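Listed below, chain by chain, are the residues.
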Amino acid sequence: MNGRKLLLLLLVLAGVLAFFALDLQRYLSLDELKRQQAALADLYAREPVVVIGAYFLVYLAVTALSLPGAAVLTLAGGALFGLAAGTVIVSFASSIGALLAFLVARYLLREPVQQRFGARLAQINAGIERDGAFYLFTLRLVPIVPFFIINLAMGLTRMKAWPFYWVSQLGMLAGTVVYVNAGTQLARIDSLAGILSPALVGSFALLGVFPWIARHIVSAVQRGRVYARWRSVRPRRYDRNLVVIGAGAAGLVSAYIAATVRAKVTLVERHKMGGDCLNYGCVPSKALIRTAKLAHQMRHASRYGLADTPPAIDFAQVMDRVHRVIAEIEPHDSVARYTGLGVDVVQGQARLVNPWTVAITREDGSVQTLTTRAVILATGAEPFVPDLPGLKEVGCLTSDTLWSLRTLPRRLIVLGGGPIGCELAQAFARLGAEVTQVEMAPRLMLKEDEDAAGLVRESLERDGVRVLTAHRALRCEPGPDGKRLIAEHEGREVVIEGDEILCAVGRVARLQGHGLETLGIPTGRVIETNDYLETLYPNIYAAGDAAGPFQFTHTAAHQAWYAAVNALFGSLKTFKADYSVIPWATFTDPEVARVGLSEDEARRQGLAFEVTRYGIDDLDRAIADGQAHGFVKVLTVPGKDRILGVTIVGEHAADLLAEYVLAMKHGLGLNKILGTLHIYPTLAEANKYAAGEWKKAHKPEALLRWVERYHAWRRGE
C-alpha cells in the first residue's frame, strides 16, 4: 500500500473510531431529533445557509464513511426544510456521499480484492460492464438492501463513477421522497420501522421487480423484431425439433443428446462423419506421434539397456497404420451408429433458408427441405493458409491434406510454432525428415509459460528440428530442387530450403455456404453467440470451433450440451455455457498440459498468486521409465491451497492433469490432493508431491516449535 492510500485509510479509520468513541451516534437517533427539532428549526430560520451547508456536510460524512444514521438525517431534512427543498438537498447529499463511499472502496480495496479473487469476479465484472446500471437501479429502488453495502460492493467492481452517480441519484429518489415526507410529520413517528409499512415495502419490491419485467418485455419485443421479416414464412407445424449442421464433435454430441431425450433430430454432414478430429486432427496426429515416438525410442534403446537400433521406416506403412486407426475408431461416429440411436443422418450441404427452414443439397443434386424448431450450427473449422506471396504457386500441405502423403518429405518446412506445428515438426523429424520450423513470435507456444515452451524447444532441437523463432515469412518461390521460404530476421532476409511446406498457423471457422449471410447472422472470426450459445436468432445456436472461443474437441462436446439443452428446453430453462475450468494439452514429447491460469496470464491480469513447483526428475516412476524430466507447476491464492491454475510438462502430462481439473471444478484444494492415496510407483504421484511441496512451504512454524517443546518435555529434558 502506497503512502497516499495509507493516509486515506488512517483518516477513514480515525473518522469511524471517533464517531463511536465519542458516542456521536446518539445525535443521530429519532428521539434526539425530536428533542432538538424546535431548536434546529429556530436556527434554520435565523441562518438558513449555514444550516443547509452544515447539514449537507454531515450527511456527506455519514454516507461517505458508511456510518449509521442516514435514515434519521433524511427525516431531519424533511422536518427542517420541507418536502420540496428537503428532497432536493437529501437527494444530492445522499448521492454525492454514496459516490464518495464508492470511490474510497475503489481506491483502498478494489486492487487487493481483484488480485485475490479475480478469477471468481471475472463473471461479475463482465455482468457489471454489460448490465451494471440496470442492476444498480434495481437495487436502489428496493430499500430493503442497505445502501452502504451497495456503495462499497459497487466500488469493488469495474463500474464507472459517473454511471454509478446518476443511477444512484435516480434510483434513490423514490425512497428519499418517502423518508423526507415522513420527516415533515416527525411528531407522529414513533420508530424508523413505522415509516416502512408492509404495504409500502411491498410497493417498493414491486417497483424493484418492474425493471426486470420490463426487461423481459423489451427482450420479447426485440426478438419479435428479429423475426419480423420472416413472420409470414414461419411454419405452423415442424418436421423436426432440431437440425444439427455438421457431424464433428459438437454436432455428434448435440444429435446424441437430442435423440436421447426423444426429440426428432436430423444431423447433416457434407463430408465425413466424425469431422476434423477423427479424419484430419486428433486421431491421425496422435497415431503418427505414437509411431514417431517408437522410432525415437528404438534409436535411443541404450537408455533402457538395449542396443540402439535405427528404425527401418516405410512411410507408406506408417500412413497405412494412421488410416487403420481412423477406420477402427470410425464406427463410433458412423452413420449406422447414429441412425441406430434414432438420429436421422443426411449426407449433404445444409443451408439456412429462414430461421426455421433448412435446405439440404445431396450429392446427387436433389434438395430436401426440413422445417425445424431449432438449429445448431456445428460447422467446425479448417486450417488457415496465409496470403503469403508465392505460396499458392508452390503449394503447401496443411493438417488436413498431409495424410495423403505416401513418401516422407526429405526436407520439411513447418510454418507455425503453435501446438499443431510443434507436434508435427517433432513427429516428422523423428521419422527421418530434416525439419525446419519457422515462427514469427520470439518463442514457440505463446499461450504457455516460457519455462514450459522452453522444454519443448529443447526437445525439438534434440530431435533434429531446426527451430527459427523471430522469423517473419515474407514469400515463397520455387527452388532448384524444391521450394523456398524467404523470411525476415533481424532486418535481413533468410532463405529456407525444403521439399514441402506445412502450414500450421492456426484454424479458421467454416462460415461460408450455410446461409448465414441470408439471415444476417453476425460473424467475425467465429459465429457470434451470447452466453447461451444463441445467435442473432434465439432458435439458432452455434457450438464447437465455429463458435469459439476454444478450438478443442472436448470443448466442442462441452458446448454441445448447452446448445442442445437450450435448443430443446429453452422455453423452460436456459443454461449459460461454463468456461470456468477448461483444460488443454499439446502432445509433443514432453507433453504440455494446462488448466486455469498460467503465470503469464496471472501477471497480465494483476492477480496475486503463489507458485508451487515439483520437478518430475525426482519421481521414482519417471526415473524407472527413463522419463525423468518436466515439472508440475501449481498457482494458488496466496496463503491458501485454492488452485488458480496448473501446468504440467512431462510424460502423460495430459492424463496427470485430470486430477487437477476435477479439483478445480469442484473447489478442492491442494490439501485434498495431498490427503488422497496415490498408487506407488505411478506418475500420478507427481500431483501428490506437488501438493506436498505447497504444504511444506506453509507448515505452521509457531505450532511446530511448541510441538518440539512438548517432545522435549516427554523426553524429560
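Residues numbered from 1 in each chain as written. Predicted model: local features only at pLDDT ≥ 70, side-chain atom pairs only at ≥ 80, totals over all residues. Heavy atoms only, no water.

Engineer: What am I meant to see in the sheet that holds strand E22 (residues 643-650) here?
Structural biologist: Sheet strands associate in pairs through backbone hydrogen bonding, adopting either a parallel or an antiparallel arrangement. Overall, antiparallel pairing links the five strands, which are arranged E18-E19-E22-E21-E20 in an open sheet. Lying at the two open borders of the sheet, with one neighbouring strand each, are strand E18 (583-586) and strand E20 (610-615). If you compare each strand with its neighbour and ignore which way they point, the axes differ by 10° on average. Relative to strand E21 (residues 631-636), E20 runs antiparallel, the two sharing six bridges. Its bridge partner being in E21, Gly615 is matched across the sheet by Phe631. (Pairing = 2+ DSSP bridges. Helix = DSSP H or I, 4+ residues; strand = E, 2+ residues; numbered from the N terminus. Axes fitted to C-alpha atoms, helices over the stretch in contact; angles between N-to-C directions.)

Engineer: Any chance you could explain a nonpolar patch on the surface here in plain terms?
Structural biologist: Together, Leu6, Leu10, Leu13 and Leu17 give the surface a local cluster of nonpolar side chains, amounting to about 380 Å² of exposed area. Within the secondary structure layout, Leu10 lies in helix H1 (residues 3-21). In this structure Leu10 comes out as partly exposed when scored by relative accessible area, which is 48%. (Patch = residues over 30% accessible without salt bridge, like charges linked within 9 Å, V, L, I, M, F, W, Y side chains within 5 Å. Areas by Shrake-Rupley, 256 points an atom, 1.4 Å probe, with all protein chains shown as cover. Salt bridge = Lys/Arg side-chain N within 4 Å of Asp/Glu carboxyl O. Buried < 20%, exposed > 50% of the residue type's maximum accessible area, 1.4 Å probe, protein only.)

Engineer: Just checking my understanding: could you explain the pattern of salt bridges for this structure?
Structural biologist: When charged atoms on two side chains of opposite charge get close, those side chains can pair. Taken as a whole, this structure holds 35 salt bridges when the rule is applied. Between Arg603 and Glu599 there is a salt bridge, and its shortest N-O distance comes to 2.9 Å. Taken together, the residues Arg603 and Glu599, both in helix H19 (residues 599-604) and four residues apart, mark about one turn of the helix. The class of Glu599 is buried, set by a relative accessible area of 13%. Taken together, the shared-partner salt bridges connect Arg443, Asp449, Asp451, Glu599, Asp600, Arg603, Arg613 and Lys633 into one network.

Engineer: Is there a simple way to explain the pairing of strand E9 (residues 411-415) in this structure?
Structural biologist: Successive side chains on a regular strand alternate, one facing one side of the sheet and the next facing the other. Counting buried residues in E9 gives five out of five residues, a clear majority hidden from the surface. On E9, burial covers both faces: Arg411, Ile413 and Leu415 on one face and Leu412 and Val414 on the other are all buried. Both E9 and strand E10 (residues 434-438) contribute to a ladder of five bridges, which runs parallel. Paired with Leu415 across the bridge in E10 is Val438. In this region the chain leaves E9, passes through helix H15 (residues 419-430) and returns to the parallel neighbour E10; the handedness of that crossover is right-handed. Examined bridge by bridge, E9 and strand E15 (residues 500-503) share four bridges and lie parallel to one another. Pairing of Ile413 across the sheet is with Ile501, part of E15. (Right-handed = clockwise from strand over helix to strand, strands pointing away.)

Engineer: I'm lost on the environment of Val243 in this one. Help?
Structural biologist: Along the chain, the position of Val243 falls in strand E1 (residues 240-245). Sequence separation between Val243 and Thr357 is 114 residues, and the spatial gap between their C-alpha atoms is 9.3 Å. Other than its neighbours up to four places away in sequence, Val243 contacts Thr266, Val268, Val358, Leu370, Thr372, Ala374, Val375 and Ile376. (Contact = heavy atoms within 4.5 Å.)

Engineer: How should I be thinking about the packing of helix H9 (residues 249-260) against helix H18 (residues 553-569) in this particular structure?
Structural biologist: How two helices sit against one another is set out by the angle between their axes and by the gap between those axes. Running from N to C, H9 and H18 point in directions that differ by 40°, and their axes come no closer than 8 Å. In terms of orientation, H9 lies oblique with respect to H18. The hand of the H9/H18 crossing is right-handed. Packed against H9, whose contacting residues are Ala249, Ala250, Val253, Ser254, Ile257 and Ala258, the element H18 presents Thr553, Ala556, Ala557, Ala560, Trp561, Ala564 and Leu568 at the interface. Here the residues of the contact of H9 with H18 sort into 11 nonpolar, two polar and no charged. (Parallel < 35°, antiparallel > 145°, perpendicular 65-115°, else oblique. Left-handed = near helix turned anticlockwise from the far one by under 90°. Nonpolar A, V, L, I, M, F, W, Y, C, P; charged D, E, K, R; others polar.)

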